[in-house]
Amino acid sequence: MIILAADMTQAQIFAVSRHRLTTDGEGVTTLVTFNGCPLRCKYCLNKTSWDAAKGRLYTPKELYEEVKIDQLYFLATKGGVTFGGGEPLLQVDFIREFRALCGPQWSIVVETSLNVPEESVMKVDEVVNGYIVDIKDMNADIYQTYTGKDNALTLKNLEWLLQRREARNVVVRVPHIPNFNTDADVQQSIATLKSMGVTEIDEFNYIIR
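Residues numbered from 1 in each chain as written. Predicted model: local features only at pLDDT ≥ 70, side-chain atom pairs only at ≥ 80, totals over all residues. Heavy atoms only, no water.

**Focus on helix α7 (residues 183-196)**
With 14 residues, α7 extends 20 Å between its outermost C-alpha atoms, agreeing within 8% with the 20 Å of an ideal straight helix rising 1.5 Å per residue. The complete set of buried residues in α7 reads V186, S189, I190 and L193. Down the axis of α7, the smallest arc covering the buried residues is 100°, so these residues share one side. Exposed side chains of α7 directed beyond 90 degrees from the buried face belong to A184, Q188 and S195. A positive phi of about 110° marks G197, the residue just after α7. (Helix = DSSP H or I, 4+ residues; strand = E, 2+ residues; numbered from the N terminus. Expected span 1.5 Å × (residues − 1). Buried < 20%, exposed > 50% of the residue type's maximum accessible area, 1.4 Å probe, protein only. Arc of directions from axis to C-beta.)

Rendered as C-alpha cells:
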C-alpha cells in the first residue's frame, strides 16, 4: 500500500489530451505531458518542455479531478492515463500520488527516454502498467549527437526493466531520424534490442516539423 500526503506534490503540465485511441497504450487514453527534460533532441517536437517552469501547475488531485471524467471510457477499453513529456520519470512522486488517487483500475503508461537515474525507474515501476521507450538509436555516438546526452543510463534502465517485466509491457520505439541515422543503423538497433529480449518494437519514420 502506498500512503502519501495529499497535495504535497506539484508539477508543471504542458497539455492534457483526451480521447486518444491506441496511440499511447491500450484502449482510450488521456495523454498528460510534463514539462522538463534531460535531453536536447535536435528535432524535438515539444521544445517548450525543455523549460520546467512553463505550463500549468497541477497537484495530483487536481489532475485526477480533471481526467476522471473519462473513467467510463478507461474501464470499458482497459485504457487510462499515459504520462509523457518532456520526461515523465522526472515526476515520479507525482505519478505515484496520482496512482494512489485513481486506484488500480486505470492503466498507467509512461512514455520515457529512460535517461534518468535508476532509482527513478525503480520507484515508479510498482505503480505503472507499461512503458513506451523512445530509444532514439542504440549506437552511442548517434545518440550523443542527436540528444546531447550519453545513453548509458537508458541502456542500464532498459536492461533492468526487461529483467522484471513481461516483454509485452515494454514497447521500444526506434525512429528513422533524417540526417542522423541510416536504415542500416535502425536495423542494427532493432537486432540489438531483440538480443536483449525486447519483443515489442515500433519502427517508424520521424517526420520533421
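**As for the nonpolar core**
Of all hydrophobic cores here, the largest spans 41 residues; its most connected members are L63, F83, I95, F98, Y131 and V172. Looking at this core element by element, the count peaks at five residues for helix α3 (residues 92-102). Not counting chain neighbours up to four residues away, the residues in contact with L63 comprise I13, V16, V32, Y58, F83, F94 and F98. Residues C41, Y143, Y146 and Y206 belong to the second largest nonpolar core, which totals eight residues. (Core = buried A, V, L, I, M, F, W, Y, C linked by side-chain atoms within 4.5 Å. Contact = heavy atoms within 4.5 Å.)

**Some remarks on unusual backbone geometry**
The residue after G85, namely G86, is reached through a cis peptide bond having omega 15°. Looking at the secondary structure, you find G86 in the loop between β4 (80-84) and α3. One non-glycine residue with positive phi stands out, namely K78, at about 65°. Within the secondary structure, K78 sits in the loop between α2 (71-77) and β4.

**Focus: the packing of aromatic side chains**
Taken as a whole and judged by the stated rule, the model has 11 aromatic pairs. Ring plane angle 70° and centroid distance 5.0 Å describe the contact between Y146 and F180, whose orientation is recorded as edge-to-face. Of this pair, Y146 sits in helix α5 (residues 140-147) while F180 sits in the loop between β7 (170-176) and α7, and the two are 34 residues apart along the sequence. Cluster of aromatic residues (ring-pair linked, three or more members): F34, Y64, F74, F83, F94, F98 and W106. R56 extends its terminal NZ or CZ atom over the ring of Y58, reaching a point 4.1 Å from the ring centre. (Phe/Tyr/Trp six-rings, centres within 6.5 Å; stacked < 30°, edge-to-face > 60°. Lys NZ or Arg CZ within 6 Å of the ring centre and 35° of its normal.)

**Structural notes on the packing of helix α4 (residues 118-125) against helix α6 (residues 152-164)**
Where α4 meets α6, the closest approach of the two axes is 10 Å, and the angle between their N-to-C directions is 30°. The orientation of α4 with respect to α6, classified from their angle, is roughly parallel. α4 and α6 meet at a crossing whose hand is right-handed. Counted together, E118, V121, M122 and D125 of α4 and L153, K156, N157, W160 and L161 of α6 form the full contact between these two elements. Looking at side-chain class alone, the contact of α4 with α6 contains five nonpolar, one polar and three charged residues. (Axes fitted to C-alpha atoms, helices over the stretch in contact; angles between N-to-C directions. Parallel < 35°, antiparallel > 145°, perpendicular 65-115°, else oblique. Left-handed = near helix turned anticlockwise from the far one by under 90°. Nonpolar A, V, L, I, M, F, W, Y, C, P; charged D, E, K, R; others polar.)

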